[in-house]
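# Geometric and topological summary
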Amino acid sequence: MSEKQKTCAIIGSGIAGLGAAIRMANKGYKVTVFERNSFPGGKLSSFENKGYRFDFGPSVFTMPQNVEDLFSLSKKNIKDYFEYIPLNPGYKYFYEDGTIFNAYFPKERFAEEAAKQTNETKENILNYLDYSEKIYNLTKEVFLLNSLHKIKNFLNWHTVKGLINFGKIDALTTMNNANTKWFKDPRIVQLFNRYATYNGSSPFLAPGTMNVIPHLEINMGIFYPKGGMVSITESIVKLGKDIGVNFEFNNGVSEIILEGKKAKGVKTDKGIYDFDVVISNMDVYNTYHKLMPNQKRPEKILSQEKSSSAIVFYWGIKKNFEQLGLHNIFWGKEYEKEFDTVVNKKNIYQDPTVYINITSKHSPSDAPEGCENWFAMVNAPNNSGQDWDTIVKETRENVIAKISKMLKTDIRPLIECESLFTPIVLEQKTASAFGAIYGNASNNKFAAFMRHPNFHSSIKNLYFCGGSVHPGPSIPLCLMSAKIATDMID
Ligand SMILES: Cc1cc2nc3c(=O)[nH]c(=O)nc-3n(C[C@H](O)[C@H](O)[C@H](O)COP(=O)(O)OP(=O)(O)OC[C@H]3O[C@@H](n4cnc5c(N)ncnc54)[C@H](O)[C@@H]3O)c2cc1C
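### What about the overall build of the protein chain?
- Of regular secondary structure, the protein chain possesses 15 helices and 19 strands.
- The C-alpha atoms of the protein chain give 22 Å as radius of gyration, which agrees with the globular expectation for 490 residues (23 Å, within 12%).
- Dimensions of the protein chain, computed from the C-alpha atoms along their principal axes, are close to 75 × 55 × 45 Å.
- By element, 52% of the accessible surface of the protein chain is carried by carbon and sulfur atoms, the whole surface being about 20,200 Å².
- Of the charged side chains in the protein chain, 58 are positive and 51 negative; the average position of the first set lies 5 Å away from that of the second.

Given below as structure tokens:
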């Protein structure tokens, strides 16, 4: 007699939940993904407003092999589902002193261009990018690719190598301290400091080890998924359906049903379902507080400082700006004050650095002819009860004034429609605790160790994946979390 097929519930269809669904289906499980929204993807979703299409959250696509792995694992040709192209330049950086720096690829071209536009040498930039790669090679096995919470992962050569080379990963200094040792030109220091924002932290507090991030982007490349970022979600959902994953939209989980030290299944408004394994892709803080409020909580981990959030103005703009690309950064002049305002004053600085993403540069159908879809984002604190209406109003004025000045065009009359992202909107849409985008902040040297493991310490068949648990946020790391969690099962 054949063995009964085992079953797995995934709570949430964020990118990590989708990755976990594909991996569990490939292990032979009957997988059901419960999603409280009517659409998949969580932060990696999309919406429309008056003829403009906008990606809701992520806009920078790196390390595509993490997506590719899901298709090869499922023995499907990725080209039948998903296509992406390398970007060149990746970013356009606009400084208030008039400097415009295009971040070209490969790294030699990046360094050449940086040397042309700033007072740094090509050699020094290339040496820095080698240093960033070295940090990656020394830390990836311990901090990214495996569970940080299984003792066996520490008893191996990779950890020994990491320990021998501890001094080279800058764990005891801050990103900014490390970067000011490397560079004299403040424009380049600022450029490399910015990578702290990729996990919602401050470069003036986050450990220098996070200088690994430039390697993942500048050395490895930055890509654009045809059809926008949401096509990552859409293609994995299609793959899931093709290999038998069941998706339950509009069916949010209200409780993880436990029996002793075992998860028995999940409860939703529509019923109670039994499962052999439960994987939560819901923010881990809310998984404990909302889905199993009577269980003992790992308070030390859950009470860590939360990451920053953002304000995003999604603007339909009635004009084409030839000088802009897909990814554009308009620097604020006082970076330290900007982060101090976000981290300590829980507010947004009056001269914020503004990131503008315009997918219509590559996908013309994302905006009406002659127009552009602007995603204008500034760093913001997470929600601790601030008066967001006032913060948004002031920030809107500051952003419009800054961009109008730097582009020498009054953009106010060009704004045809507007939607808004705030920490409150994010919390409502994705259940991200306090509207923090990236789970716990990395504003101290122990942060990597203070993310929740991908398993529950005493409930055997309960696992976690997503940006709020190990190894952390972003599309590639979330997909790694799905792999780490599901590799532990069976
Ligand atoms: C503005 C912004 C910009 C970003 N920029 C980038 C970028 O450029 N590049 C990059 O790589 N990353 C970026 N990120 C980060 C990246 O989007 C996230 O790290 C990643 O998408 C998080 O995925 P996740 O798997 O943790 O799930 P989430 O996206 O948080 O989704 C969780 C899902 O679970 C569902 N859910 C929650 N509770 C329940 C429940 N009880 N029952 C059922 N369903 C539930 C939610 O509705 C949601 O769909 C950005 C994020 C934002 C918001």
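### Some details on the pairing of strand β17 (residues 372-380)
- For β17, a buried count of 9 out of 9 residues is recorded, marking the element as mostly surrounded by other parts of the structure.
- Side chains Glu-372, Trp-374, Ala-376, Val-378 and Ala-380 project from β17 onto one buried face, and the interleaved Asn-373, Phe-375, Met-377 and Asn-379 project onto a second face that is buried too.
- Across 9 bridges, strand β14 (residues 309-317) lies against β17 in antiparallel orientation. In the sheet register, Ile-311 faces β17, and the bridge partner there is Val-378.
- Inspection of the sheet shows strand β16 (residues 354-358) paired to β17 by 4 bridges, in the antiparallel sense. Across the sheet, Ile-358 pairs through a bridge with Trp-374, a residue of β17.

### Looking at the packing of helix α1 (residues 15-26) against helix α9 (residues 230-242)
- Orientation of α1 relative to α9, taken along the N-to-C sense of each, is 25 degrees, at an axis distance of 10 Å. As judged from the angle between their axes, α1 and α9 are roughly parallel. Relative to α9, the crossing made by α1 is left-handed. Contacts between α1 and α9 involve Ile-15, Leu-18 and Ile-22 from the former and Ile-232, Thr-233, Ile-236, Val-237, Leu-239 and Gly-240 from the latter.
- In terms of residue class, the contact of α1 with α9 is made up of 7 nonpolar, 2 polar and no charged.

### Digging into the site of the ligand
- Residues in contact with the ligand amount to 35 residues; listed here are only the nearest, Glu-35, Lys-43, Val-60, Gly-467 and Ser-474.
- Val-60 places a polar main-chain atom, nitrogen or oxygen, 2.8 Å from an oxygen atom of the ligand.
- Contact distances for the ligand include 2.9 Å between an oxygen atom and a side-chain N or O atom of Asn-281.
- Out of a free accessible area of 1,000 Å², the ligand has 95% covered by protein chains.
- Secondary-structure elements contributing two or more residues to the shell around the ligand are α1, α14 (423-430) and α15 (475-487).

### Looking at the sheet that holds strand β11 (residues 262-268)
- Ordered in space as β10-β11-β12, the 3 strands form an open sheet in which the pairing is antiparallel. Two strands close off the open sheet at either side, each with one partner strand: β10 (253-259) and β12 (271-274). With strand direction ignored, the average angle separating the axes of adjacent strands in the sheet is 30 degrees.
- Here β11 runs beside β12; their pairing, made up of 4 bridges, is antiparallel. Residue Gly-265 lies in a different strand from β12, and its bridge partner there is Asp-274.

### Let's talk about the pairing of strand β4 (residues 52-55)
- The alternating pattern of β4 places Tyr-52 and Phe-54 and Arg-53 and Asp-55 on opposite faces, both of which are buried.
- Following strand β3 (residues 46-49), the chain reverses through 2 residues before pairing antiparallel with β4; Lys-50 in that reversal takes a positive phi of roughly 45 degrees.

### Comments concerning the nonpolar core
- Membership of the largest hydrophobic core comes to 65 residues, with the highest contact counts inside it found for Tyr-93, Phe-110, Leu-191 and Phe-192.
- If one sorts the elements of this core by residue count, helix α4 (residues 122-144) sits on top with 9 residues.
- When sequence neighbours within four positions are dropped, the list of residues in contact with Leu-191 reads Tyr-93, Tyr-95, Phe-101, Phe-110 and Trp-331.
- Counting 40 residues, the second-largest nonpolar core is a separate cluster that includes Leu-70, Ile-279, Ala-485 and Ile-489.

### Digging into the domain arrangement of the protein chain
- Domain assignment breaks the protein chain into domain 1 (7-47 + 230-303 + 448-487), domain 2 (108-210) and domain 3 (308-430).
- The gap between the C-alpha centroids of domain 1 and domain 2 is 31 Å.
- Contacts between the two partners involve 12 residues from domain 1, matched on the other side by 10 residues from domain 2.
- Surface buried jointly by domain 1 and domain 2 totals about 990 Å² across both partners, of which 72% is contributed by carbon and sulfur atoms.
- On the surface where domain 1 and domain 2 come into contact, there are 0 salt bridges.
- Linking domain 1 with domain 2 are 0 residue pairs in polar contact (both at pLDDT 80 or more), by the criterion used here.

### A word on the pattern of salt bridges
- As enumerated under the stated definition, the model contains 21 salt bridges in all.
- Notably, a salt bridge pairs Glu-96 with Lys-333, separated by 3.6 Å at the nearest N-O pair. Linking Glu-96 in the loop between β6 (91-94) and β7 (100-103) with Lys-333 in the loop between β15 (327-330) and α12 (335-343), this pair joins segments that are 237 residues apart in sequence.
- Residue class for Glu-96 comes out partly exposed when judged on its relative accessible area of 27%.
- The exposure class assigned to Lys-333 is exposed, which follows from its relative accessible area of 56%.
- Among the ionic pairs, Asp-130 bridges to Lys-107, the shortest N-O distance being 3.3 Å.

### Looking at the sheet that holds strand β19 (residues 462-464)
- The strand order across the open sheet formed by 5 strands is β9-β2-β1-β13-β19, and the pairing between neighbours is parallel. In this open sheet, the two strands that pair with only one neighbour each are β9 (246-248) and β19. Strand-to-strand twist across the sheet, computed as the mean angle between neighbouring axes with direction ignored, equals 20 degrees.
- Pairing analysis gives 5 bridges linking strand β1 (residues 7-11) to strand β2 (residues 30-34), with the strands arranged parallel. Bridged to Ala-9 within β2 is Thr-32.

Definitions and limits used
Residues numbered from 1 in each chain as written. Predicted model: local features only at pLDDT ≥ 70, side-chain atom pairs only at ≥ 80, totals over all residues. Heavy atoms only, no water. Helix = DSSP H or I, 4+ residues; strand = E, 2+ residues; numbered from the N terminus. Rg over C-alpha atoms; globule rule 2.2 N^0.38 Å. Areas by Shrake-Rupley, 256 points an atom, 1.4 Å probe, with all protein chains shown as cover. Lys, Arg positive; Asp, Glu negative; His and termini not counted. Charge placed at Lys NZ, Arg CZ, Asp CG, Glu CD. Buried < 20%, exposed > 50% of the residue type's maximum accessible area, 1.4 Å probe, protein only. Pairing = 2+ DSSP bridges. Axes fitted to C-alpha atoms, helices over the stretch in contact; angles between N-to-C directions. Parallel < 35°, antiparallel > 145°, perpendicular 65-115°, else oblique. Left-handed = near helix turned anticlockwise from the far one by under 90°. Contact = heavy atoms within 4.5 Å. Nonpolar A, V, L, I, M, F, W, Y, C, P; charged D, E, K, R; others polar. Near = heavy atom within 4 Å. Polar contact = N/O pair within 3.5 Å; in protein donor to acceptor, adjacent residues only side chain to side chain. Core = buried A, V, L, I, M, F, W, Y, C linked by side-chain atoms within 4.5 Å. Domains from an automatic or database assignment. Buried area = accessible area lost by both parts, 1.4 Å probe. Salt bridge = Lys/Arg side-chain N within 4 Å of Asp/Glu carboxyl O.

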